[in-house]
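Examining the three-dimensional arrangement
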Amino acid sequence: MDSFYLAWRYLSYTKVKTFILVGCITIIAVLPLTLEILLDESERQLTLRAESSPLLIGAKGSALDLVMNSLYFADEVPETIAMEALEQVMDTDLAAPIPLFVRFKARDFPIVGTSLDYFDFRNLQFAQGEKFVMLGQCVIGAKVARKLNLEPGDHIVSSPETLFNLAGVYPLKMKITGVLAPTHSADDLAVFVDIPTAWVIDGLGHGHQDVAKTTDNTVILKKEKNNVTANAKLMQYTEITEENIDSFHLHGDPAAFPLTAVLVVPYDEKSGTILQGRYLENETPYQIVQPKEVIDTLMANIFKIRNVLDAVIMLVGTATLLALVLVFSLSLRLREQEIEVIFKLGCSRATIAWLLGAEILIIVLISAVFCGGFMALVQYYDQELVRQLFI
Amino acid sequence: MIRLSNIHFSYKSGDFNLSIPDLRVEAGEKVGVVGPSGSGKTTLLNLVAGILTPEKGSVCINEMEINCQNDTTRRDFRITNIGFIFQDFGLLDYLDVKDNILHPYRITGALKLNNDVRDRADKLAIQMGIDDKLNRHPSALSHGERQRVAICRALLPGPKLVLADEATGNLDPKNKVHILELLFKNVDKHDATLLAVTHDQELLPYFDKVINFNDFLREETL
Amino acid sequence: MSIRSVLILFLFIFAMPLQGMAEKKITIYTVNYPLTYFAERIGGDLVNVVFPAPSNVDPAFWMPDKATIREYQKADLIILNGAGYEKWTKKVSLPMLRVVDTSKAFKDKLIHIETDVTHSHGPSGDHSHGGTAFTTWLDFSQAVQQAEAIYKAFSRKLPANTTDFSNNLESLKKDLLELDAQMTVMSTNKPGLSLVASHPIYQYMARRYNLNLKMVMWEPDADPGESEWKHLHELVNAHPAGWMIWEEEPLPKSVKRLQDMNIKSQVFSPCFSKPQKGNFLSVMQQNIENMGAILK
């Protein structure tokens, strides 16, 4: 007996109906599962990271923006503070400060200006290469390397802050010295540079040599014998090389150079408390926040939304299931004659039911495959999705 | 040989009663059944096929009293020994011609689908003149072609009895005779018995015998 | 004494050094010899001090190669002089938290030099003394503060050994303060005595010990050239100096010509690199002896 063969024939003959049924079942299965995965991942990313980042100092303003930018390298850039803020922490002898300047991007990945201490603090291991040594070099996260197919020795160019900011800072072409091992955190998607390099990108430092001509093929749209057409990406960029590094310098007082935050690691609990107390005064232009508190508040809100979403999905799911039952029973009506014929030919009612069941089973199986594939994709891209949707 | 004796049958709704004191069809006979609508022609076929069970009396096919068998036996008997041909062809749109012909083999464990069966199906299709249409779906065929497919399906398991319910009812006059001739030829080739319901007086002369429900149950030997 | 107590005593005796050995030595990278000396004195056996610059290069104008920079990056502590001394650190990436700027305590008192004249000597090529004066340790009171910065960093790194470091620091401080006292006393003998120095590296020393010092830009191993001699003539006309202080033993030719100008020569070594004989302390003691000849 070829129930599945017949069921498959029927389903492939009624492609549109099958497609709609599969689509509906896939969607009602995928929606809550995706939401579950993404929320879990966001919770994991947010909470883990927040727990491992004791204190943050930044400009007064939105604590959430400060945390999101400093911990997850989110796009919302907080007001900058001066490097002096870091010196102040250093002088207290209560905590180890790590600078963060997260404002620029390279090929859509955030450039994180920090010190080498960041690698030690986050315990980041190198999959390839080593830490940056010279001004103008960078270390890239695992996913950056994979997505852009880059490895040590390659270069990556910083993007101008806005497309219209052409008059100001030239993009910096940075040499990659190392690729980090995957961490399943925002670090996988970051381009790390030493803080002075970030300042060079910010236009605070420059060299006296000419900007280089592009060899980056991605900016070229069309190449003809005597004519090269470039797309809008083309612009000149600076590169710090061994030849011109001596001419590179920063302008102004380094204590006044900008940071987006200082990641503060107190030497002990007591030091942390004392330090926090010092930033409670009104005169200070800085705020000190405990990322965990900020994220806990955020998570509480996310969970409220999650409950509402769950209820909505439940309702939509039930409605869709009812609609599916309706569709199926209507199609049974349409097939009454066919069923009668099969019966007369000598097929039992149970076999007929089994034939129809096989159709449902196949539809569910196809939906499960789609759902599985989709879930695998979601799982695979959950970090990025969470970054794009929540962070 | 088919023999119905002292049959009494009524539907549950109670608005139809059929009594058949005695009816015999000899093996290899081609019998036409005529009568007005609602006189019980289709009911007769269903009783013979074991789809309906009489309240009284017996239906014997080759010594087997079909109305005394259980459901499974009757179904297996039907699918292996009886070929059904319907007025509206009863083909499945989602299967192509080949699969329609092989359809009985796919819905029961009583018939085994193998290469031999497939070869026979091909030969039958050649005999019926539809071998070039095996990959088409019924919706792409003419009425005549569809009925040929239905005949192939009915004959493929090698039934000893073919029940045709208005098999030519949907066909134009030219096709009617042609299809009937084809059916007769193949029924003969398979040594089968044919019991064909029709309301087409023109076709009656082709049958060996006609059972007329008009003045039930008067057998007319032609 | 029971066998048990003997056993315990044995265990105690053998376990003690083992325990000490279990704690790994920390590796310290420095940028000049004085800091290397301070670090070695304070750290003793608990630290491994590395000063990778070759001895024939002035570390102030040295640029380590990539492999050396990576060594610096891996060090447990990187002891910098500060005051713009180690210019190469501006171009490279070092772990901020492991860097110790020893002159930070007196950063408000650093001397900024207006002139920015480039000159050339040694394998390191052209260099300039513009910006901040960096020979901070020739003011021995500042040297003490630099030593204290090192002590603080060591204690943070190995808190269990703070007492050792503290004792070592006290001993070093005593020596440095002795040098400071000698210089201070000596300078009162001839207050305001006009002096010239061959190289602009004595700013902090001159300030601390009230020396009336004018500095030219000569190298001890080369003739300064006629224009420099002329410049010196003009200088001593306004600033009648009877002595020139050299960072190293000058060429006899230069000594002779200075003598003809009634200017005697004397060495006060900043001790940038490890001396061939003795150590920082002995070199400084010799310096002070040399100064004694001037200020007697």
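Residues numbered from 1 in each chain as written. Chains lettered and ligands numbered in written order. Predicted model: local features only at pLDDT ≥ 70, side-chain atom pairs only at ≥ 80, totals over all residues. Heavy atoms only, no water.

1. What about a nonpolar patch on the surface?
Residue and element names in this part refer to chain A. Residues Phe4, Trp354, Leu361 and Leu365 make up a contiguous nonpolar surface patch of about 380 Å² in total accessible area. It is helix α11 (residues 349-380) that provides the largest number of residues to the nonpolar patch, a total of three residues. By the secondary structure assignment, phenylalanine 4 is in helix α1 (residues 3-13). (Patch = residues over 30% accessible without salt bridge, like charges linked within 9 Å, V, L, I, M, F, W, Y side chains within 5 Å. Areas by Shrake-Rupley, 256 points an atom, 1.4 Å probe, with all protein chains shown as cover. Salt bridge = Lys/Arg side-chain N within 4 Å of Asp/Glu carboxyl O. Helix = DSSP H or I, 4+ residues; strand = E, 2+ residues; numbered from the N terminus.)

2. Quick notes on the sheet that holds strand β10 (residues 212-215) of chain C
Residues and elements named next belong to chain C. Pairing in this open sheet of four strands is parallel, and the strands run β10-β9-β11-β12 from one edge to the other. Each edge of the open sheet carries a strand with a single partner, namely β10 and β12 (264-267). Taken over all neighbouring pairs, the strand axes of this sheet differ in orientation by 30° on average, direction set aside. As paired elements, strand β11 (residues 243-246) and β12 share four bridges and run parallel to each other. Looking across to β12, one finds that tryptophan 243 is bridged to lysine 264. The strands touched by helix α9 (residues 280-295) within the sheet are β9 (194-197), β11 and β12, with β12 carrying the most contacts at an inclination of about 160°. (Pairing = 2+ DSSP bridges. Axes fitted to C-alpha atoms, helices over the stretch in contact; angles between N-to-C directions. Contact = heavy atoms within 4.5 Å.)

3. A few points about the interface of chain C and chain A
Of the residues lining the interface, 17 residues belong to chain C; the matching set on chain A comes to 27 residues. For the pair chain C and chain A, the summed buried area comes to about 2000 Å², and 52% of that belongs to carbon and sulfur atoms. In this structure, the connection of chain C to chain A is made through five salt bridges. The shortest N-O distance in the salt bridge between Glu130(A) and Arg70(C) comes to 2.9 Å. Counting across the interface, chain C meets chain A through eleven residue pairs in polar contact (both at pLDDT 80 or more). Secondary structure elements with two or more residues in the side of chain C that touches chain A: α3 (66-74) and α4 (140-157) of chain C. Sorting elements by how many residues they give to the side of chain C that touches chain A places α3(C) first, with five residues. Looking at the side of chain C that touches chain A residue by residue, the class counts come to seven nonpolar, two polar and eight charged. (Buried area = accessible area lost by both parts, 1.4 Å probe. Polar contact = N/O pair within 3.5 Å; in protein donor to acceptor, adjacent residues only side chain to side chain. Nonpolar A, V, L, I, M, F, W, Y, C, P; charged D, E, K, R; others polar.)

4. Focus: the packing of helix α10 (residues 336-345) of chain A against α11(A)
All names here are of chain A. Direction vectors running N to C along α10 and α11 enclose 135°, while the axes themselves pass 10 Å from each other. Judged by the inter-axis angle, α10 sits oblique to α11. Of the two possible hands of crossing, α10 and α11 adopt the one that is right-handed. Taken together, the residues of α11 that come into contact with α10 (itself represented by Ile339, Glu340, Ile342 and Phe343) are Arg349, Ile352, Leu355 and Leu356. Looking at side-chain class alone, the contact of α10 with α11 contains six nonpolar, no polar and two charged residues. (Parallel < 35°, antiparallel > 145°, perpendicular 65-115°, else oblique. Left-handed = near helix turned anticlockwise from the far one by under 90°.)

Purely geometric stuff here, so don't read any function into it on its own.
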